[in-house]
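The chain contents come next:
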Amino acid sequence: MSKYEPLILAFCCHYCAYAAADLAGSMRLQYPNNVRVLKLPCTGKLEVNFILAAFERGVDGVFVAGCLEGGCHYLEGNLRARRRVERAKEILSEIGLEPERVDMFNLSSAQGPRFAEIVNEMTARLTSLGPSPFRPARGAEEPVREMTEQAEASLSGENHDCCQS
Ligand code: FES
């Protein structure tokens, strides 16, 4: 039987976490390659349903990474995202999944090392929790790839209504 490696989906704000992930790559920082990144124009675009859809497709964990508090380019997008992450945790608990499978982090575009640290931290946490019961036997890579492509295409518009709850 192959060793369990958690599959993680990261919802990353274009302005900070996505740039930090890029920086981590250019700095050749070591972190597991089990994270798939979905770029958002702002974490305020995140809906609770996106998180639940990721679990439905078989990811073992999700993290949301937005700008530092007070640094969101759409003012309060990251605060709204944090509330949605809290709501997603409640729903996961209600359906019998550990709420620790979801988390929110804030970082700046200059924090490449912090991005690597977050991936390592989430990987360690999800490794100890074990695979999600929704993980399909044939693996979640393909459904998650399709989901990220579709979501990025639909979120790439210029109409950033990030501050609407
Ligand atoms: Fe980065 Fe809003 S612009 S979280």
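Above this text sits the structure in question.
Please read these numbers as outputs of a predicted model, since none were measured by experiment.

Draft legend 1. Geometry of the sheet that holds strand β4 (residues 102-106). Sheet architecture is open: four strands sit in the order β2-β1-β3-β4, paired in parallel fashion. In this open sheet, the two strands that pair with only one neighbour each are β2 (35-40) and β4. The sheet shows a mean angle of 20° between the axes of neighbouring strands, taken without regard to direction. Bridge analysis of strand β1 (residues 8-13) against strand β3 (residues 61-66) gives five bridges, and the strand direction is parallel. Note that in β3 the partner of I8 across the bridge is G61. Most of the contacts of helix α2 (residues 48-56) go to β3, to which it runs at about 150°, and overall it touches β1, β3 and β4. Sheet strands touched by helix α3 (residues 77-94): β3 and β4. Its angle to β4, the strand with the most contacts, is close to 165°.

Draft legend 2. Region of the structure containing the packing of aromatic side chains. Enumeration over the complete set of coordinates arrives at four aromatic pairs. Summarising the aromatic geometry, the rings of F63 and F105 are spaced 5.9 Å apart at their centres and angled 85° between planes, so their arrangement reads as edge-to-face. Placement of F63 in strand β3 and of F105 in strand β4 is noted, with a sequence separation of 42 residues between them. Assigned by exposure class, F63 and F105 land together as buried. Chaining the aromatic ring pairs together yields one cluster made of Y31, F63, F105 and F115. Note that K39 overlies the ring of Y18, its terminal NZ or CZ placed 4.7 Å from the centroid.

Draft legend 3. Local environment of helix α4 (residues 112-129). Spanning 18 residues, α4 covers 26 Å between terminal C-alpha atoms, matching the ideal 26 Å at 1.5 Å per step. Looking at the buried side of α4, the elements it contacts are β1, α1 (17-26), β2, β3 and β4. The first or second residue beyond α4 is G130, which carries a positive phi of 90°.

Draft legend 4. Region of the structure containing the pairing of β2. By the bridge criterion, six bridges tie β1 to β2 in an arrangement that is parallel. Along β2, the bridge assignment pairs I8 with V35. Traced from β1 through α1 to β2, the parallel crossover comes out right-handed.

Draft legend 5. Spatial organisation of unusual backbone geometry. Look at R28: it is not a glycine, yet its phi comes out positive at around 55°. As for its placement among the helices and strands, R28 is situated in the loop between α1 and β2. Its relative accessible area of 72% is what places R28 among the exposed residues. Positive phi, normally seen in glycine, also occurs at L75, with a value near 70°. Inspection of the secondary structure puts L75 in the loop between β3 and α3.

Draft legend 6. Layout of the pattern of salt bridges. Scanning the model with the defined rule gives ten salt bridges in all. A salt bridge links R57 to E56, with the shortest nitrogen-to-oxygen separation between them at 3.9 Å. According to the relative accessible area criterion, E56 is exposed, its value standing at 64%. One salt-bridge network, in which partners are shared between bridges, spans D103, R114, E117, E121 and R125.

Here is what the cut-offs are and how they apply
- Residue numbering note: each chain is counted from 1, following its sequence as written.
- Given that the model is predicted, a residue must reach a pLDDT of at least 70 before its local features are reported, and side-chain atom pairs must reach 80 or more before they are shown or counted; all residues, however, enter totals for whole chains, interfaces and linings.
- Heavy atoms throughout the structure, all of them, feed into the side-chain values; hydrogens and water do not.
- Two strands qualify as a pair provided that DSSP identifies no fewer than 2 bridges between them.
- Secondary structure elements are defined from DSSP: runs of H or I of at least 4 residues count as helices, runs of E of at least 2 residues count as strands, and each element is numbered from the N terminus.
- Angles run from 0 to 180 degrees between N-to-C directions of axes, and those axes are lines fitted to C-alpha atoms, restricted for helices to the stretch in contact.
- Should any heavy atoms of two residues lie within 4.5 Å, those residues are counted as being in contact.
- Under the pairing criterion, centres of Phe, Tyr and Trp rings, with the six-membered ring standing for Trp, must be within 6.5 Å; the plane angle then separates stacked pairs below 30 degrees from edge-to-face pairs above 60, leaving the rest tilted.
- For every residue, the accessible area (1.4 Å probe, protein chains only) is compared with the maximum for its type, and the residue is labelled buried under 20%, exposed over 50%, or partly exposed between those bounds.
- Working rule: Lys NZ or Arg CZ, within 6 Å of ring centre, within 35 degrees of ring normal, means a charge sits over the ring.
- In a helix, the anticipated span is given by 1.5 Å times the number of residues less one.
- Classification remark: right-handed applies to a crossover when, strands pointing away from the viewer, the course from the first strand over the helix to the second runs clockwise.
- The rule for a salt bridge is simple: a side-chain nitrogen of Lys or Arg has to be within 4 Å of a carboxyl oxygen of Asp or Glu.

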